[in-house]
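Inside the fold
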Amino acid sequence: VRSRRAMEANVHRTCIISGGRRRLHSTFQNNFEIVEEYDVNSDELLVRRVKHPTDIGDGRWEYEVGEPQRNFNPDTEIIAASNANPVFVRKDTPNEFQWRIRNLPYPPETYSVDVDCENQRIIIRTTNKKYYKVFQITDLIRLGI
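An account of the accompanying structure is given in this report. (Residues numbered from 1 in each chain as written. Predicted model: local features only at pLDDT ≥ 70, side-chain atom pairs only at ≥ 80, totals over all residues. Heavy atoms only, no water.)

Describing the sheet that holds strand 3 (residues 33-39)
The test is simple: Strand pairing is defined by DSSP finding a minimum of two bridges between the two strands. Only DSSP runs of H or I covering at least 4 residues are called helices, and only runs of E covering at least 2 are called strands; the numbering of each starts at the N terminus. To obtain each axis, a line is fitted to C-alpha atoms, and for helices this fit is confined to the stretch in contact; angles are then taken between N-to-C directions over 0 to 180 degrees.
Overall, antiparallel pairing links the five strands, which are arranged 1-2-3-4-5 in an open sheet. Bordering the open sheet on either side are strand 1 (11-18) and strand 5 (62-65), each of which pairs with just one other strand. Ignoring strand direction, the axes of neighbouring strands in this sheet form an average angle of 20°. With eight bridges connecting them, strand 1 and strand 2 (residues 21-28) associate as antiparallel partners. In the sheet register, Ser-18 faces strand 2, and the bridge partner there is Arg-21.

Given below as structure tokens:
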């Protein structure tokens, strides 16, 4: 288990401010990268994305907090995801982890939240089996908590 201090011992960081956001880019010795974007005024974490090194080429960015911008260009794209589909987004505050699911079509009593302690996962599902989402708190796993 790596401690946070050991992880941060050999890290290269750059920080820029643009468009009302402070972007902090961290590259670790093993080429693991984290990009975090904070609101300049409120210091709220808006986006966190990570990229794990791979054996072949660059890895892909995974969003832990926030979501990628979705741009639909009707000139080049034929089909787009519906705006009515459920959208799963993580939004953290200094005191708590938050997950938000927008566009849920069923009443609240239809949903259940379960914790799988053995695999360190949280499961959200509906009783009518129309929605099922499994996710992990990657920050806690990364820190060995």
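And the narrative resumes.
Quick word on the environment of Thr-93
For clarity, the cut-off: Exposure categories follow from relative accessible area, calculated using a 1.4 Å probe and restricted to protein chains: below 20% of the type maximum is buried, above 50% is exposed, and the middle band is partly exposed.
Within the secondary structure, Thr-93 is located in the loop between strand 6 (87-90) and strand 7 (99-102). On the basis of relative accessibility, which here comes to 31%, the residue Thr-93 falls in the partly exposed class. C-alpha of Thr-93 to C-alpha of Leu-143: the two residues are 50 residues apart in sequence and 18 Å apart in space.

A few points about the side chain of Arg-48
Put simply, the rule reads: The definition of a polar contact used here is a pair of N or O atoms within 3.5 Å, where within protein one atom must be able to donate a hydrogen and the other to accept one, and adjacent residues in sequence count solely through side-chain atom pairs. By definition, residues are in contact when any of their heavy atoms lie within 4.5 Å.
Along the chain, Arg-48 turns up in strand 4 (residues 45-51). Looking at Arg-48, its side chain comes within polar contact range of the side chain of Glu-36, at 2.8 Å. Not counting residues within four places of it along the chain, the set of residues in contact with Arg-48 comprises Ile-34, Val-35, Glu-36, Glu-62, Tyr-63, Glu-64, Val-65, Arg-90, Asp-92 and Asp-139.

Considering the pattern of salt bridges
This is how it is decided: Think of a salt bridge as a Lys or Arg side-chain nitrogen and an Asp or Glu carboxyl oxygen that are within 4 Å of each other.
What the rule picks out here adds up to eight salt bridges. For the salt bridge of Arg-22 with Asp-43, the shortest nitrogen-to-oxygen distance reads 2.8 Å. Here Arg-22, found in strand 2, pairs with Asp-43, found in the loop between strand 3 and strand 4; they are 21 residues apart in sequence, far enough to count as distant. Assessed through its relative accessible area of 25%, Arg-22 is described here as partly exposed. Here Lys-51 and Glu-33 are joined by a salt bridge, their closest N and O atoms 3.6 Å apart. Of this pair, Lys-51 sits in strand 4 while Glu-33 sits in strand 3, placing them 18 residues apart in sequence. For Lys-51, a relative accessible area of 12% gives the class buried.

Quick look at unusual backbone geometry
Despite not being glycine, Asp-43 has its phi angle at roughly 65°, a positive value. Judged by its relative accessible area of 46%, Asp-43 falls in the partly exposed class. One non-glycine residue, Lys-129, lies in positive phi territory at about 60°. With respect to the helices and strands, Lys-129 occurs in the loop between strand 9 (121-126) and strand 10 (132-135).

Considering the sheet that holds strand 9
Spatial ordering of the open sheet is given by 8-9-10, a layout of three strands whose pairing is antiparallel. One side of each edge strand has no neighbouring strand; the edge strands of this open sheet are strand 8 (111-116) and strand 10. Within this sheet the neighbouring strands show an average axis-to-axis angle of 15°, counted without direction.

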